[in-house]
Amino acid sequence: MSYSSKHSAMAKRPHVRASLIFLILILLTAFGVIVPVFALLPSLNSHSHRLFRHHLDHSELKKVHTRKFEIDDDMFWKDGKPFQIIGGDIHYFRTLPEYWEDRLLRAKALGLNTIQTYIPWNLHEPQPGNFTFSGIADIVSFIQLCQKLDFLVLLRAGPYICAEWDLGGFPAWLLTRKPAPTLRSSDPGYLQWVERWWGVILPKVAPLLYNNGGPIIMVQIENEFGSYGDDQAYLHHLVKLARGHLGNEVILYTTDGGSRETLEKGTIRGDAVFSAVDFSTGERPWPIFNLQKEFNAPGKSPPLSAEFYTGWLTHWGENIATTDADSTAAALREILAGQGSAVLYMAHGGTNFGFYNGANTGDSALDYKPDLTSYDYDAPIKESGDIDNAKYDAIRRVIQRYSGALLPSAPSNIEKIGYGPIYLQKSAFFFDLIHMIDSVDVFISEEPLSMESVDQSFGFLLYATKYVAKDNEDGHVLFIPKVHDRAQVFLSCSSTNKGVRPASVGIIERWSNRRLNLPNTRCDSNNLYILVENMGRINYGRYLFDKKGILSSVYLDDNILYGWKMIPIPFNNLNEIPRVDSFSHIARSVHNKITAKRGLEVKHDNISSEPTLYTGYFYVDKVNLRKDTFLSFAGWTKGIALVNDFNLGRFWPVVGPQCSLYVPAPILRVGKNVLVIVELESPNGEGVVHSVDRPDFSCGDSSNSNLSQLLTHQHSPHLRTSQQRHSLKSSLEN
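Quantities reported herein were computed from a predicted structural model and do not represent experimental measurements. (Residues numbered from 1 in each chain as written. Predicted model: local features only at pLDDT ≥ 70, side-chain atom pairs only at ≥ 80, totals over all residues. Heavy atoms only, no water.)

Further remarks concern the overall build of the protein chain. Counting secondary structure elements, the protein chain contains 16 helices and 33 strands. With 734 residues in all, the protein chain has 57% of them scored as buried. Within the protein chain, counting contacts between residues at least 6 apart in sequence, those at least 24 apart form 79% of the total. (Helix = DSSP H or I, 4+ residues; strand = E, 2+ residues; numbered from the N terminus. Buried < 20%, exposed > 50% of the residue type's maximum accessible area, 1.4 Å probe, protein only. Contact = heavy atoms within 4.5 Å.)

Let us look at helix H11 (residues 325–337). In this model, H11 (13 residues) spans 18 Å end to end at C-alpha, consistent with the 18 Å of a helix rising 1.5 Å per residue. All of the buried residues in H11 are Ala325, Thr328, Ala329, Ala331, Leu332, Ile335 and Leu336. Taken end-on, H11 shows its buried residues confined to a sector of 160 degrees, consistent with a single buried face. Where H11 is buried, its residues contact strand S4 (86–90), strand S9 (274–279), helix H10 (285–293), strand S10 (304–309), strand S11 (341–348) and helix H12 (390–403). Two to three positions downstream of the cap, the backbone nitrogen of Asp326 sits 3.1 Å from a side-chain oxygen, assigning the N-cap of H11 to Asp324. (Expected span 1.5 Å × (residues − 1). Arc of directions from axis to C-beta. Polar contact = N/O pair within 3.5 Å; in protein donor to acceptor, adjacent residues only side chain to side chain.)

So, about the sheet that holds strand S29 (residues 639–643). Taken in spatial order, the 8 strands make up an open sheet running S30-S29-S32-S27-S14-S33-S28-S31, and their pairing is antiparallel. Edge positions in the sheet fall to strand S30 (646–651) and strand S31 (660–663), since each has one partner strand and no second. Direction aside, neighbouring strands of the sheet carry axes that sit 25 degrees apart on average. Summarising the sheet, strand S28 (residues 629–632) and strand S33 (residues 688–692) pair through 3 bridges and their orientation is antiparallel. Its bridge partner lying in S33, Ser632 is registered against His690. (Pairing = 2+ DSSP bridges. Axes fitted to C-alpha atoms, helices over the stretch in contact; angles between N-to-C directions.)

Following Gly158, the chain continues into Pro159 via a peptide bond in cis, with omega recorded as 10 degrees. Relative to the assigned elements, Pro159 resides in the loop between strand S6 (152–156) and helix H7 (188–205). Residue Pro657 is bonded to the preceding Gly656 through a cis peptide linkage, with omega at 5 degrees. By the element assignment, Pro657 lies in the loop between S30 and S31. Here the phi dihedral of Asp79 falls at roughly 50 degrees; this positive angle occurs in a residue that is not glycine.

This paragraph deals with the pattern of salt bridges. For the structure shown, the criterion picks out 31 salt bridges. The closest approach of N and O atoms between Lys293 and Asp74, which form a salt bridge, is 3.7 Å. Taken together, the residues span a long stretch of sequence, with Lys293 in helix H10 and Asp74 in the loop between strand S1 (69–72) and strand S2 (75–78) at a distance of 219 residues. The class for Lys293 is partly exposed, based on a relative accessible area of 40%. (Salt bridge = Lys/Arg side-chain N within 4 Å of Asp/Glu carboxyl O.)

Helical periodicity: at 3.6 residues per turn, an α-helix aligns residues three or four positions apart in one direction. Across the 11 residues that make up helix H4 (residues 100–110), a large majority, 9, are buried. The set of residues buried in H4 consists of Trp100, Asp102, Arg103, Leu104, Arg106, Ala107, Lys108, Ala109 and Leu110. Contacts made by the buried residues of H4 are with S4, strand S5 (114–118), helix H6 (139–148), S11, H12 and S31. Gly111 sits one or two positions beyond H4 and adopts a positive phi of about 110 degrees.

Turning to the packing of aromatic side chains, a few remarks are in order. By the definition in use, this model includes 45 aromatic pairs. When the ring of Phe460 is compared with that of Phe571, the centres are 5.9 Å apart and the planes differ by 75 degrees; the resulting orientation is edge-to-face. Of the two residues, Phe460 sits in strand S16 (residues 460–467) while Phe571 sits in the loop between strand S26 (564–569) and helix H14 (583–598), which places them 111 residues apart along the sequence. For Phe571, a relative accessible area of 7% corresponds to the buried category. Through a chain of ring-to-ring contacts, three or more aromatic side chains come together here, namely Trp121, Phe131, Phe133, Tyr160, Phe170, Trp173, Tyr190, Trp193, Trp197, Phe225, Tyr228 and Tyr234. Looking at Arg94, its charged tip hangs above the ring of Tyr375, at a distance of 3.7 Å from the centre. (Phe/Tyr/Trp six-rings, centres within 6.5 Å; stacked < 30°, edge-to-face > 60°. Lys NZ or Arg CZ within 6 Å of the ring centre and 35° of its normal.)

Attention now moves to the side chain of Asn113. Here Asn113 is to be found in the loop between H4 and S5. Accessibility expressed as a relative area gives 19% for Asn113, which makes it buried. Side chain to side chain, Asn113 and Thr114 meet in a polar contact 2.7 Å long. Aside from chain neighbours lying at most four places away, what touches Asn113 is Phe83, Gln84, Ile85, Ile86, Gly87, Asp150, Phe151 and Leu152.

Turning to the sheet that holds strand S21 (residues 516–518), a few remarks are in order. A sheet is described by the order of its strands in space; here 4 strands give the open sequence S21-S17-S24-S25, paired in antiparallel fashion. In this open sheet, the two edge strands, each paired with only one partner strand, are S21 and strand S25 (559–560). Both strand S17 (residues 476–479) and strand S24 (residues 555–556) contribute to a ladder of 2 bridges, which runs antiparallel. By the bridge assignment for S24, Leu478 is matched with Leu556.

Below is the structure:
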């Protein structure tokens, strides 16, 4: 090539380069990435550069990170856009998995964009090292379903959750560790178990964090700790553990009551943990939100009521809790209208299936208040999923107005059906069944052992001993200083008249702790049986360390009784398989043998003060008739009910207010369904339970404000007249 040609080619090269640059810019613009490219180029002047950066810092810059949930300018930001949390608590462990989607769709129609749930440690680790994450405990599937339905998730990881759940979510076996751990504290003996548990659960949920592509935007540390203690070392240790498993991007948060005292004790100052608040519905929210700002870093305090109460819990012996729909909606309106965020507690309450209900106390441990089986909570989505109520409509109107979203149509209520009367036959007397328990499952000790000490967490424990009592015309006095929670006492002669059944002599309750008069039987030796029911461990307050069973010596006429046998009475519990064959299985086996010999015309001799198991059947003829139902226990006294081996929970209609138990359709079968009832005292005279199409919370004497007052006015075996004692004495001797 000649020099002149070379020079000509060099002269054309800048024009080619300019064309290429222009073409590249056009392509980049077409693919929507021109902004970040220009951000790399030098600005034309410093003033325009500052304006551009300021604009990016507050809106466009956040869009660069397309999967991020954060707090800035006292607001929540989702993928660079302001976000208002309008959430609700739905606990996966209080609803059958088959109904999770149904309840979530009802929450979606209510207008919620976020679901909050606790994690109950005791559900997932019923025995040390025995972890379960299937069925109703399949937390991963629940969170994934939330994401599928376009919900974000607030995860309350505990380890303490309260929640009106047995022991506040702690597994009962923690109470047997040596030395005894100090729950909810920086005690190393307690923290080693927390570290072990979080080392299992947090890696399971870490892939579901928002920054990892999942729906979890925040994870709660502990729960309302400011109402319990002020151990900052404990809280900081939990934060360190959580960060180690979850990383630094997820928002950690605490929730405490909206007072200065609770916030000072329960929050973690600085910007490492976001401090949310809760307060009574109807309380002025904005002064509390302003107080909340003092406990968050500047610009890091979006107003959030993490528990906006739509209703309230109910204990046995109280009126069913209800709250006004309009006032609830008005209180929510005041928060949302000011761009505050709120989480409905509860959006859907559900059910305390099995033995998992918790309990509360008053000023003393004797003022014991166990929770109902139902956790309806007067929430907008009822226990059975119904939404045809004023509260749901009122809350939905408020959310529709302030969220600006077009809400999906509200689904219809799930159809309920009453299958009619279910006639039950006596399957077995309680004391006949205990002889079928393997001797290796019987514990022997000089003094009574707690339920936890014999490796039993829930249900019933039978204590048995013998005594020789001197003849005393006035009888004898039995005293148990500490029994948790309700003891039924029985006597029989151990040396003569062996065919005579043990006779009920009275009841000793934790909340009354009275002395019990025993008759003079004139037996050579007496068998003393004490059946203790665990009615739910305390889940809140200073009496949290709540062992069950007989927790003291037992005194007869001021002398200690020694030589005890402890016999665990196993029943199926929610998501837990008994370590020995359950009583319900044994009872059905005995019942089947009886009916095989006698046919189905067995006449029921139902009247008995001895705990008795009853069995009945009802039929579902077609798949489309497998519907939700309720079992009405009007006329019965106290006990538990199982349908197809699923433990529905406790019934106690003489105390109330709950008269019926919810039976979700998924536990029913097409064809024959088996109902087993454990009646602890006196059955319905007709031996019938009615399957009905609606719940009933009108049982008991609701004029008394607490269980102790209520039971004082109930007819009870420990208020026997001298004539009744004479009759009992005769039955023991003959």
